[in-house]
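The residues making up each chain are set out below.
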Amino acid sequence: MSFGNSATHWGLISRLLHWFMAIAIIFMFGLGVTMINMRLSPMKLEMFMVHKSIGILLLGVVIIRVIWRLLNPAPRPSRDLSKVQRITATAAQLFMYVLMICIPISGWIINSAANFPLQWFGLFEVPPIAEPSLTTEEYAKTAHLVLVCMLGAVVFIHITAALHHHFIQKNDVLKRMF
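Model, not experiment: these values are computed from the prediction. (Residues numbered from 1 in each chain as written. Predicted model: local features only at pLDDT ≥ 70, side-chain atom pairs only at ≥ 80, totals over all residues. Heavy atoms only, no water.)

Explain the packing of helix H1 (residues 12-36) against helix H4 (residues 134-168) here, please?
When two helices pack together, their arrangement is given by the angle between the helix axes and the distance between those axes. For the pair H1 and H4, the least separation of the axes is 12 Å and the interaxial angle reads 130°. One element, H1, and the other, H4, form an angle in the oblique class. In this structure, H1 crosses over H4, and the sense of that crossing is left-handed. Residue-level contacts link His18, Ile25 and Phe29 of H1 to Val148, Leu151, Gly152 and His158 of H4. (Axes fitted to C-alpha atoms, helices over the stretch in contact; angles between N-to-C directions. Helix = DSSP H or I, 4+ residues; strand = E, 2+ residues; numbered from the N terminus. Parallel < 35°, antiparallel > 145°, perpendicular 65-115°, else oblique. Left-handed = near helix turned anticlockwise from the far one by under 90°. Contact = heavy atoms within 4.5 Å.)

Explain the packing of aromatic side chains here, please?
Given two aromatic rings, one states the distance between the centres and the angle between the planes to describe the pair. Overall, the coordinates contain 3 aromatic pairs when judged by the stated rule. Ring plane angle 35° and centroid distance 5.1 Å describe the contact between Trp19 and Phe178, whose orientation is recorded as tilted. Taken together, the residues Trp19 in helix H1 and Phe178 in the segment after H4 connect sequence positions 159 residues apart. Aromatic pair Trp120 and Phe124: ring centres 5.4 Å apart, planes at 35°, arrangement tilted. Through pairs of rings, three or more aromatic residues link up here, namely Trp120, Phe121 and Phe124. (Phe/Tyr/Trp six-rings, centres within 6.5 Å; stacked < 30°, edge-to-face > 60°.)

Please clarify how the pattern of salt bridges should be interpreted in this entry.
Pairing between side chains becomes possible if they bear opposite charge and their charged atoms approach one another. The full count for this structure, using the stated rule, is 2 salt bridges. The salt bridge involving Lys141 is made with Glu137; its shortest N-O contact spans 3.4 Å. Pair noted here: Lys141 and Glu137 are both in helix H4, with a separation of 4 residues, about one helical turn. Glu137 gets classed as buried once you look at its relative accessible area, which sits at 13%. With its nearest N and O atoms 3.8 Å apart, the salt bridge here joins Glu138 to Lys141. Here Lys141 and Glu138 lie together in helix H4, a separation of 3 residues that amounts to about one turn. Bridged by salt links that share partners, the residues Glu137, Glu138 and Lys141 form one connected network. (Salt bridge = Lys/Arg side-chain N within 4 Å of Asp/Glu carboxyl O. Buried < 20%, exposed > 50% of the residue type's maximum accessible area, 1.4 Å probe, protein only.)

Teacher, can you tell me more about the nonpolar core here?
Note on soluble globular proteins: their nonpolar side chains tend to be buried together. Counting residues in hydrophobic clusters, the biggest one holds 24 residues, and the most contacted among them are Met21, Leu58, Met100 and Leu151. When residues of this core are traced back to their parent elements, those giving at least two are H1, helix H2 (42-71), helix H3 (83-113), strand E1 (118-120) and H4. Contact partners of Leu58, with chain neighbours within four places excluded, come to Phe20, Met21, Ala24, Ile25 and Met28. (Core = buried A, V, L, I, M, F, W, Y, C linked by side-chain atoms within 4.5 Å.)

Structure (structure tokens):
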């Protein structure tokens, strides 16, 4: 197996980045839903610290993933895909990248606008990217929630499409990511 992408398959680095992000995003959905439904407690504060730390980590990983993708072009689209499917898949992937960048940034803005120190896994403080402002904090919270819901919808469609290609169309689209 090659580290880089080939004309027909995703390389090891692309696969590792994809599956790491997939697992982390699903974990973050669960953690986020759990946190917002908890009463204020030391456990809730700890969960917020973990959520924020993972968010900053994911921002770094998605930047690495974008750079890797620019340096390693994607495999050719499967021959079984129609032109509409190719365009739709490309648009959905691009949209997911935009969301994976915007979601952690909106979270970082929430934290900054709330004037709360952001400790990355308790190791060091991440500098704020917005001035303290209740208005900015509220707008960023709304944006964060909307962006997360959008990502959830696109991820659901992405998974459904991959399973459709594998089980219904019986083509190699899903196999290329393993």
